[in-house]
Number of protein chains: 2
Amino acid sequence: MEPSSSEVAAAPTVPAEAGLHARVLDHLGTAICGGELAPGAILNIDELVDRYAVSRSVVREVLRVLASIGFIEARRRVGVMILPASEWNVFDPQVIRWRLASAGRMAQLRSITELRTAVEPHAAYLAAGRIGHDEASDLVGLAAKMWAAGEAGDEERFLHLDIEFHRRVLLASGNEMFVRLQDLVAEVLTGRHKHHLMPHHPHEQALQMHADVAQAIQRRDGARARQAMVQLMEQAFGEMKSLWEQISVPEQSADRGSATR
Amino acid sequence: MEPSSSEVAAAPTVPAEAGLHARVLDHLGTAICGGELAPGAILNIDELVDRYAVSRSVVREVLRVLASIGFIEARRRVGVMILPASEWNVFDPQVIRWRLASAGRMAQLRSITELRTAVEPHAAYLAAGRIGHDEASDLVGLAAKMWAAGEAGDEERFLHLDIEFHRRVLLASGNEMFVRLQDLVAEVLTGRHKHHLMPHHPHEQALQMHADVAQAIQRRDGARARQAMVQLMEQAFGEMKSLWEQISVPEQSADRGSATR
DNA sequence: TCCACTCAAAGATCATATCATTTACATCAA
DNA sequence: TTGATGTAAATGATATGATCTTTGAGTGGA
């Protein structure tokens, strides 16, 4: 139905018919993240009303949300200007999703991976000092389940357990911001899965390290928990790195011809 | 002019007359962050139209923004429900500001301080591997200026230099998300200043450590840069800790009777 | 007891009008 | 020529009222 602009590789982030607001927002957000609407470009409301064939209300509400994300700024007598990426709320989950679905995918992947590399070791350290008995037991149990799933080669299940494991650690750190961060990481991991960037046959090592982290936290050994998590992050970072070095140049259609499939 | 509800300790985050949208948004955001509108509470549009004496357009636009922050969810036939804090976008700068102006101030302070404790050392490490010659020189120069300001006892100037120093390090890390994080930290530091929670007579040690970080980064010694930043963070964390242990119980009017003044 | 139907409440969307601000341009005086 | 100043048009901001759509609760029959 829309083969006119052949640039957008992004599948719509919104399900199907999720309300006009959501659809217009998604379309504009994708366009901005994807660079089709470059910083400095000017829109105006009436133009958008025509383009999307929706009412002013819808457009204005969308623009307010985009403005709160830092994507645009409205000025009277001028119109609506796209702002440079330095103004964006790059921590907004919505933005993460859009960027993962755009050409900036790899940059987004790298940013978040670096972020979790920085945060999770400290979270593990804090968790060791704050976790409750039951939570600690659950954590060890989770690591065990991950082992089982890894051995069985059940990638789907392993992914979910992996996400849950890290979520629990961040939750136990007692810092709400860390937990929210995990939402972003989960976005990345599932996104990676969705875009078939998942050569993720879990290594023996990784399984052991998860177990180490869990054990160290349970025994309230903050330093060891941090150290184990650092290793885990180094491994995850290495995996990611191989990914974006592999697909660094062919920016265009990254998720089509992956030869090893 | 508004002495009716005596609970809100929060000064409006918006200047004065910044448009109806901004004012209503600020008021609702503050109320939600401050707990006056508890999770589960139900609003409806017409009620808000009456309460704020603005049009439906304004209210709807505000609600869309609040929804994108994760503060509310609108359901037909029910109304607009306040969501629990676990749904909030705690990385939204606006949210940070609201929370710093509310009773949850100390929790917010702690969260962000922990976050930067985790991130900045890694950022310093990355910066050592990526920074350009000129940027590195500037960084060393900044540390020197901080020394001068610290010696001269110019707290205002020191604060600005401090913020700028950390911003430069995060910028040099080459990770956009780290830079945005610094905006949050700056929000905290200036907020701390604004709320008179600033017993911040910079220690001799801290000055030296800033110099160490700058030097290590310039010499591309990632490990040493990280280590120096860790020490810096430990010191900053210690300062903060003494703050919120001091004012932990008297939640009510935290910024009135600080005896040591 | 339980399922299907009906109705009304509330948000979602639309259409139109008016207000307010700001930029561009023209006008006029020095 | 230049600079100040006033004026008009463009555009977002706000207001208003109507209609559409969804959905929860009540109601009645099997």
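Before any of the text, the structure's been laid out above.
Overview of the structure.

Reading the values: rules and limits
Residues numbered from 1 in each chain as written. Chains lettered and ligands numbered in written order. Predicted model: local features only at pLDDT ≥ 70, side-chain atom pairs only at ≥ 80, totals over all residues. Heavy atoms only, no water. Near = heavy atom within 4 Å. Polar contact = N/O pair within 3.5 Å; in protein donor to acceptor, adjacent residues only side chain to side chain. Helix = DSSP H or I, 4+ residues; strand = E, 2+ residues; numbered from the N terminus. Nonpolar A, V, L, I, M, F, W, Y, C, P; charged D, E, K, R; others polar. Axes fitted to C-alpha atoms, helices over the stretch in contact; angles between N-to-C directions. Parallel < 35°, antiparallel > 145°, perpendicular 65-115°, else oblique. Left-handed = near helix turned anticlockwise from the far one by under 90°. Contact = heavy atoms within 4.5 Å. Buried area = accessible area lost by both parts, 1.4 Å probe. Salt bridge = Lys/Arg side-chain N within 4 Å of Asp/Glu carboxyl O. Least-squares fit on C-alpha atoms with pLDDT ≥ 70 in both. Pairing = 2+ DSSP bridges. Phe/Tyr/Trp six-rings, centres within 6.5 Å; stacked < 30°, edge-to-face > 60°. Buried < 20%, exposed > 50% of the residue type's maximum accessible area, 1.4 Å probe, protein only.

### Section: the protein's contact with DNA strand D
Around DNA strand D sit 21 residues, and of these Arg-60 and Arg-77 of chain A together with Leu-20, Ser-55 and Arg-76 of chain B come closest. Across the atoms of DNA strand D situated within 4 Å of the protein, the share located in sugar and phosphate is 68%. One nitrogen or oxygen atom from the main chain of Ser-55 of chain B is found 2.6 Å from a phosphate oxygen belonging to DNA strand D. At a separation of 2.7 Å, a sugar or linking oxygen of DNA strand D approaches a polar side-chain atom of Arg-76 of chain B. Secondary-structure elements contributing two or more residues to the surface near DNA strand D are helix H3 (56–69) and strand E2 (72–75) of chain A together with helix H1 (20–33) and helix H3 (56–69) of chain B. A total of three residues in the surface near DNA strand D trace back to one element, the largest contributor, which is H3 of chain B.

### Some words on the environment of Ile-32 of chain B
Tracing the backbone shows Ile-32 of chain B in helix H1. Through-space distance from the C-alpha of Ile-32 of chain B to that of Pro-84 of chain B is 9.7 Å; in sequence the pair is 52 residues apart.

### Re the protein's contact with DNA strand C
Of all residues adjacent to DNA strand C, which total 21 residues, the nearest are Leu-20, Ser-55 and Arg-76 of chain A together with Arg-60 and Arg-76 of chain B. Counting only atoms of DNA strand C within 4 Å of the protein, the sugar-phosphate share comes to 75%. Contact between DNA strand C and Ser-57 of chain A: a base nitrogen at 3.4 Å from a side-chain N or O atom of the residue. Between DNA strand C and the protein, one listed contact pairs a phosphate oxygen with a side-chain N or O atom of Arg-60 of chain B at 2.3 Å. Only helix H1 (20–33) and H3 of chain A together with H3, strand E2 (72–75) and strand E3 (79–82) of chain B provide two or more residues apiece to the surface near DNA strand C. In terms of residue class, the surface near DNA strand C is made up of eight nonpolar, six polar and seven charged.

### What to know about the packing of helix H7 (residues 155–172) of chain B against helix H9 (residues 204–218) of chain B
Residue and element names in this part refer to chain B. Interhelical geometry of H7 versus H9 gives an angle of 25 degrees and a closest axis separation of 12 Å. Taken together, the axis directions place H7 and H9 in an arrangement best described as roughly parallel. The interaxial crossing formed by H7 with H9 has left-handed handedness. In this structure, H7 contributes Phe-158, Asp-162, Phe-165, His-166 and Val-169 to the contact, and H9 contributes Leu-207, His-210, Val-213, Ala-214 and Ile-217.

### Focus: the interface of chain A and chain B
Each partner contributes to the interface: chain A provides 37 residues, whereas chain B provides 37 residues. Interface area for chain A against chain B, summed over the two sides, is near 3,200 Å², with a carbon-plus-sulfur share of 55%. On the chain A side of the interface with chain B, the three residues burying the most area are Phe-91, Met-177 and Arg-180 of chain A, jointly 22% of the side's total. In this structure, the connection of chain A to chain B is made through eight salt bridges. For Glu-61 of chain A, the salt bridge identified is with Arg-60 of chain B, shortest N-O distance 2.9 Å. Counting across the chain A and chain B interface gives 22 residue pairs in polar contact (both at pLDDT 80 or more). Of all the secondary-structure elements, those providing two or more residues to the side of chain A that touches chain B are H3, helix H4 (93–100), helix H5 (105–130) and helix H8 (176–194) of chain A. Ranked by residues supplied to the side of chain A that touches chain B, first place goes to H5 of chain A with 13 residues. A per-class count over the side of chain A that touches chain B returns 16 nonpolar, ten polar and eleven charged.

### Considerations on the relation of the copies chain A and chain B
After a rotation of 180 degrees and a shift along the axis of 0.0 Å, chain A superposes on chain B with an RMSD of 0.1 Å. The superposition operator between the copies reduces to a two-fold rotation axis. The residues that chain A uses at the interface reappear at the interface of chain B in 100% of cases, marking a shared surface.

### What about the sheet that holds E2 of chain A?
Residues and elements named next belong to chain A. Pairing in this open sheet of three strands is antiparallel, and the strands run E1-E3-E2 from one edge to the other. Across the chains shown, the open sheet's two edge strands, defined by having one partner strand only, are strand E1 (42–43) and E2. Across two bridges, the pairing between E1 and strand E3 (residues 79–82) is antiparallel. Looking at the pairing, Ile-42 lines up with Met-81 of E3.

### Here's the deal with the environment of Ala-149 of chain A
All names here are of chain A. Within the secondary structure layout, Ala-149 lies in helix H6 (residues 133–152). Sequence separation between Ala-149 and Leu-159 is ten residues; the distance between their C-alpha atoms is 9.2 Å. Apart from the residues within four sequence positions on either side, Ala-149 is in contact with Asp-154, Arg-157, Phe-158 and Leu-161.

### A few points about the packing of aromatic side chains
Summed over the entire model, instances satisfying the criterion amount to five aromatic pairs over all chains. On the numbers, 5.9 Å between centres and 40 degrees between planes, the contact of Phe-71 of chain A with Trp-98 of chain A is tilted. Of this pair, Phe-71 of chain A sits in the loop between H3 and E2 while Trp-98 of chain A is found in helix H4, placing the two residues 27 residues apart along the sequence. Take Phe-71 of chain A: its relative accessible area is 0%, and that puts it in the buried class. Exposure remark for Trp-98 of chain A: the relative accessible area of 1% places this residue in the buried category. Relative to Phe-91 of chain B, the ring of Phe-91 of chain A lies with its centre 4.8 Å away and its plane at 15 degrees, an arrangement referred to as stacked.

### What to know about the pairing of E3 of chain A
Sheet analysis places E2 of chain A next to E3 of chain A, joined by four bridges and oriented antiparallel. Residue pairing in the sheet places Glu-73 of chain A in a bridge with Met-81 of chain A of E3 of chain A.

### A few points about unusual backbone geometry
Its identity is not glycine, yet Arg-77 of chain A carries a phi of approximately 70 degrees, on the positive side. Among the secondary structure elements, Arg-77 of chain A is positioned in the loop between E2 and E3. Residue Arg-77 of chain A is classed as exposed on the basis of its relative accessible area, which comes to 87%. Non-glycine residue Arg-220 of chain B carries a positive phi angle of around 60 degrees. For Arg-220 of chain B, the position within the fold is in the loop between H9 and helix H10 (222–246).

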